[in-house]
2 protein chains.
Amino acid sequence: MSVSIKDVAAKAGVSLGTVSNVCNKPEMVAPATLKKVQKVIAELGFVPNASARTLRAGKTRVLGLVVPDISNPFFTDLSKGVSDAALAAGYVVILCNTDESSEKEDQYLDVLAGQKVQGILITPARDSQKKIAELANRGIGLTLVDRPAIGLEACSVAVDDAQGGALALNHLWELGHRKILLLTGADNIPQVGERERGMLSAINAVKKSERPTLHKIRIDQMSTASAADRLKAYVEEKGLDFTAIICGNDLVALGAIRSLRDLNYEVPHDVSVIGYDDIDFAASATVPLTSIAQPKYQLGFAAAQLVIEECESPDKHTHQRVQFQPKLIVRNSTSAPIK
Amino acid sequence: MSVSIKDVAAKAGVSLGTVSNVCNKPEMVAPATLKKVQKVIAELGFVPNASARTLRAGKTRVLGLVVPDISNPFFTDLSKGVSDAALAAGYVVILCNTDESSEKEDQYLDVLAGQKVQGILITPARDSQKKIAELANRGIGLTLVDRPAIGLEACSVAVDDAQGGALALNHLWELGHRKILLLTGADNIPQVGERERGMLSAINAVKKSERPTLHKIRIDQMSTASAADRLKAYVEEKGLDFTAIICGNDLVALGAIRSLRDLNYEVPHDVSVIGYDDIDFAASATVPLTSIAQPKYQLGFAAAQLVIEECESPDKHTHQRVQFQPKLIVRNSTSAPIK
DNA sequence: CTGAAAGCGCTTACAG
DNA sequence: CTGAAAGCGCTTACAG
């Protein structure tokens, strides 16, 4: 039914090996033979069977991309970078959306192992280091995305989160804010912890009398809805004991703005709000969002290039940590506090 | 390096065939043998090699998902539905982002053919019917997503676009709008054409003296940026010769609102704007967006189920067209026109 | 219920 | 430069 290398060989009057060489090592085939075989390949619409090739040569040219939430624009843009880099190198990527569940992550990791993917790009769920370590041992290339590769033999690609936290805090401080609320996820999420570390250093860098306070509230899900609910509950209980909010991401910031509006506060007049990620919509939001931009597409592109390099030449490859720098984008959601 | 069925057989003291049966037809293995072999499988961490299985059995359990733009939230949500349905059935999905380019689409289609995917879910680029037809002939399951399967032996899953167009038009008409602008993509995009057909029928359904006019302007890319540019240029040239805009999607609507604001017009006071897709951000936009909601996740889920059904039992399978109904979501971007 | 053997479609040394 | 042959790791009739 599907045309195989045998059909091509028969029609071209050459052996199987020669057809294979035409596909994979054309430089070692006589020009005339090459031309003849290529013509037959085109006529028959022959596409080599990847399974057979893999089985024999051990190369699938398939990558797995494991992300917690593909509808988060951060990961959407990242995945575009990954796909593009992959396609350019003749690779293909299997998308695995874990919904932050480490069971789903494990399930996917097994499937990927069975599919004999050559490399995996992963932003792991909270507590899943063991299964990942196994993978590295099975000879699957591994690159950690947006997470440090703690205790793991692997490449990692990330954005300098401490710097991002410092950027956010300094911006608010320079505007004159001294009572800042941090609305973000659990601090055992590495990025969250790192950013807080950056904020703390920034605070300690100013002289004591001018140091801002940083009060933290945690949300389980960094989504618009849970941020809105959580902040509303907080303000209804405690009142407005802050003049600015640093949010875990732009989705959270949108939720914060929504709940503040519900409570009849105005952004940035009553409260300044700063997001993180600078997603596409940040500029079109109710109040155009001040945010910390991360090079999402580049992050994905670089990560894919790293694993592919590891796949292609595992011996030459040495693990590396690539760190991109974040950038402050000032829009309308932040201003000086009212006196 | 990787553990194979041979290692399991040796350690368990049975033949290869028996190990295979334990994995695939456990009911035909004696309970004692079954238990013994399963124990060894667990100990060794054996995962069957998908390539070998495929090569022999012809089943990859891999699906290809080909979309024009994964960063469009419509396709993001859709892809989530696809992944979830796939995972539930033990399938995995390769993500192919074509950026609306039919070359990239062809390239991906070849790769997918080589990977011997069992099914393809595709929202084709404008002009690429032939390569797709080839696929169906190669025995690859095919489901058209959000496009009718014109002249193709295939399933399709779509939303009733004519109804969506009618919904939008009727909403504006009922508010009293009589001069409506349509800001959308080329009308050779099937959905665009269908929605226009729906609007036209809706117009013709009202009595002549009360019929609204519908003026159309086209944009190449249905993105926020190009919508903003195009509308701004139009209004600067012609002025505000309409009281409401129906947009090709929510991204376009956000762009329209942005450019109207730049020109110092207010939404909905001066102009009503209605979007399409009801993306997550619609509710958090500058002006919370009135939009036509499509069941995106369900669309993807249903599409995946269809191809999987086709893959599993090609004989029993009969092609079908599933059509979901859109829904009008009224928010703040539409109101009665000023007199 | 279990084992031995063929074969899926390629690639890769190895002769020639 | 080209061909013949082995073998990648499984599944699947077929004996027994």
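All values derive from a computational prediction rather than experimental measurement. (Residues numbered from 1 in each chain as written. Chains lettered and ligands numbered in written order. Predicted model: local features only at pLDDT ≥ 70, side-chain atom pairs only at ≥ 80, totals over all residues.)

A.B. asks: How would you summarise the overall build of chain A if you had to cite specific residues and measurements?
C.D. replies: Of the regular secondary structure elements, chain A holds twelve helices and twelve strands. Radius of gyration (C-alpha) of chain A: 26 Å, far over the 20 Å computed for a compact globule of 339 residues. The C-alpha extent of chain A, read off along each of the three principal axes, is 90 × 40 × 35 Å. Relative to its full complement of 339 residues, chain A shows a buried share of 50%. The contacts in chain A between residues at least 6 apart in sequence include a share of 71% that link residues at least 24 apart. (Helix = DSSP H or I, 4+ residues; strand = E, 2+ residues; numbered from the N terminus. Rg over C-alpha atoms; globule rule 2.2 N^0.38 Å. Buried ≥ 20, exposed ≤ 12 C-beta atoms within 10 Å, placed from the backbone. Contact = placed C-beta atoms within 7 Å.)

A.B. asks: Give me the protein's contact with DNA strand D: which residues, what numbers.
C.D. replies: Near DNA strand D lie 26 residues; those nearest to it are Gly17 and Thr33 of chain A together with Ile5, Ser20 and Ala52 of chain B. Mapped onto the surface near DNA strand D, the elements with two or more residues apiece are helix H2 (16-24) and helix H4 (50-57) of chain A together with helix H2 (16-24) and helix H4 (50-57) of chain B. A total of six residues in the surface near DNA strand D trace back to one element, the largest contributor, which is H2 of chain B. Broken down by class, the residue content of the surface near DNA strand D amounts to 13 nonpolar, ten polar and three charged. (Near = placed C-beta within 6 Å. Nonpolar A, V, L, I, M, F, W, Y, C, P; charged D, E, K, R; others polar.)

A.B. asks: So what about the relation of the copies chain A and chain B? Which residues, and what values?
C.D. replies: In the superposition of chain A on chain B (RMSD 0.1 Å, axial shift 0.1 Å), the rotation amounts to 180°. Both chain copies can therefore be described as sitting about a two-fold axis. For chain A, the smallest separation between a C-alpha atom and the rotation axis is recorded for threonine 286 of chain A, amounting to 1.6 Å. A high fraction, 100%, of the interface residues of chain A reappear at the interface in chain B, so the copies pair face to face through one surface. (Least-squares fit on C-alpha atoms with pLDDT ≥ 70 in both.)

A.B. asks: Lay out the interface of chain A and chain B in plain terms, naming residues and giving numbers.
C.D. replies: On the side of chain B, 38 residues touch chain A, which itself brings 38 residues to the contact. Breaking the side of chain A that touches chain B down by element, the ones donating at least two residues are H4, helix H5 (73-88), strand S2 (92-97), helix H6 (102-114) and helix H11 (250-262) of chain A. When the residues that make up the side of chain A that touches chain B are grouped by side-chain class, the tally is 16 nonpolar, 16 polar and six charged.

A.B. asks: Give me the domain arrangement of chain A: which residues, what numbers.
C.D. replies: Think of interface size as the accessible area that goes away when the parts come together; that is how it is often given. Residues and elements named next belong to chain A. Domain boundaries in chain A define domain 1 (5-48), domain 2 (60-158 + 296-325) and domain 3 (161-294). When each unit is reduced to the centre of its C-alpha atoms, the spacing between domain 2 and domain 3 is 29 Å. Contacts between the two partners involve nine residues from domain 2 and, on the opposite side, nine residues from domain 3. Of all the secondary structure elements, the ones that give two or more residues to the side of domain 2 that touches domain 3 are H5 and helix H12 (296-312). Of the residues contributing to the side of domain 2 that touches domain 3, the split by class is four nonpolar, one polar and four charged. (Domains from an automatic or database assignment.)

A.B. asks: Got a sec to walk through the sheet that holds strand S6 (residues 179-184) of chain B? Specific residues and values, please.
C.D. replies: Residues and elements named next belong to chain B. Read across the open sheet, the four strands follow the order S7-S6-S8-S9; overall the sheet is parallel. Taken across any chain shown, the strands that pair with only one partner, and hence form the sheet edges, are strand S7 (213-218) and strand S9 (272-274). Shown here is a sheet whose adjacent strand axes are inclined to one another by a mean of 20°, direction ignored. Here strand S8 (residues 244-247) runs beside S9; their pairing, made up of three bridges, is parallel. Bridging across to S9, alanine 244 finds its partner in serine 272. (Pairing = 2+ DSSP bridges. Axes fitted to C-alpha atoms, helices over the stretch in contact; angles between N-to-C directions.)

A.B. asks: An account of the pairing of strand S1 (residues 62-67) of chain A is needed here, citing residue identities and associated values.
C.D. replies: Residue and element names in this part refer to chain A. A large share of S1 lies buried, amounting to six of its six residues. Pairing geometry for S1 and S2, over six bridges, is parallel. Pairing of valine 66 across the sheet is with cysteine 96, part of S2. Following the chain from S1 across H5 to the adjacent parallel S2, one finds a crossover that is right-handed. Relative to strand S3 (residues 119-122), S1 runs parallel, the two being bridged by four bridges. What sits directly across from valine 66, in S3, is isoleucine 122. (Right-handed = clockwise from strand over helix to strand, strands pointing away.)

A.B. asks: Could you give an account of unusual backbone geometry, with specific residues and numbers?
C.D. replies: In this chain, valine 267 of chain A is followed by proline 268 of chain A through a cis amide linkage whose omega measures 5°. Residue position: proline 268 of chain A is located in the loop between H11 and strand S9 (272-274). Notably, asparagine 264 of chain B is not glycine yet its phi reads approximately 65°, a positive angle. With respect to the helices and strands, asparagine 264 of chain B occurs in the loop between helix H11 (250-262) and S9. Given 7 C-beta atoms within a 10 Å radius, asparagine 264 of chain B is considered exposed.

A.B. asks: Can you tell me about the protein's contact with DNA strand C, naming the residues and giving the values?
C.D. replies: Residues in contact with DNA strand C amount to 26 residues; listed here are only the nearest, Ile5, Ser20 and Ala52 of chain A together with Gly17 and Thr33 of chain B. The element best represented in the surface near DNA strand C is H2 of chain A, accounting for six residues. Tallied by class, the residues present in the surface near DNA strand C amount to 13 nonpolar, ten polar and three charged.

A.B. asks: How would you summarise helix H8 (residues 161-175) of chain A if you had to cite specific residues and measurements?
C.D. replies: For an α-helix, the turn length of 3.6 residues means that residues three or four places apart are oriented alike. Residues and elements named next belong to chain A. Its 15 residues give H8 an end-to-end C-alpha distance of 22 Å, which sits within 8% of 21 Å, the value for a rise of 1.5 Å per residue. Among the 15 residues in H8, eleven count as buried, and that is most of the element. Taken together, the buried positions of H8 are Asp161, Gln163, Gly164, Gly165, Ala166, Leu167, Ala168, Leu169, His171, Leu172 and Trp173. One or two steps after H8, the chain reaches glycine 176, where phi turns positive at roughly 110°. (Expected span 1.5 Å × (residues − 1).)

A.B. asks: For the sheet that holds strand S7 (residues 213-218) of chain A, give the residues involved together with the corresponding values.
C.D. replies: The strands making up a sheet associate through backbone hydrogen bonding, with each pair oriented either parallel or antiparallel. Residue and element names in this part refer to chain A. The sheet built from four strands is open, its strands ordered S7-S6-S8-S9 with parallel pairing. Where the open sheet ends on each side, the last strands, each with one partner, are S7 and S9. Ignoring strand direction, the axes of neighbouring strands in this sheet form an average angle of 20°. Along the sheet, H8 makes contact with strand S6 (179-184), strand S8 (244-247) and S9, crossing S9 at roughly 160°.

A.B. asks: Describe the packing of helix H8 (residues 161-175) of chain B against helix H9 (residues 190-205) of chain B, with residues and values.
C.D. replies: All names here are of chain B. Contact pair H8 / H9: the axes reach a minimum separation of 7 Å and the direction vectors enclose 50°. Classified by the angle their axes make, H8 and H9 are oblique. In the crossing of H8 with H9, the sense of the turn from one axis to the other is right-handed. Residue-level contacts link Asp161, Ala162, Gln163, Gly164, Gly165, Ala166, Leu169 and Asn170 of H8 to Gln191, Glu194, Arg195, Glu196, Arg197, Gly198, Met199, Ser201, Ala202 and Ile203 of H9. For the contact of H8 with H9, a count of residues per class yields six nonpolar, seven polar and five charged. (Parallel < 35°, antiparallel > 145°, perpendicular 65-115°, else oblique. Left-handed = near helix turned anticlockwise from the far one by under 90°.)

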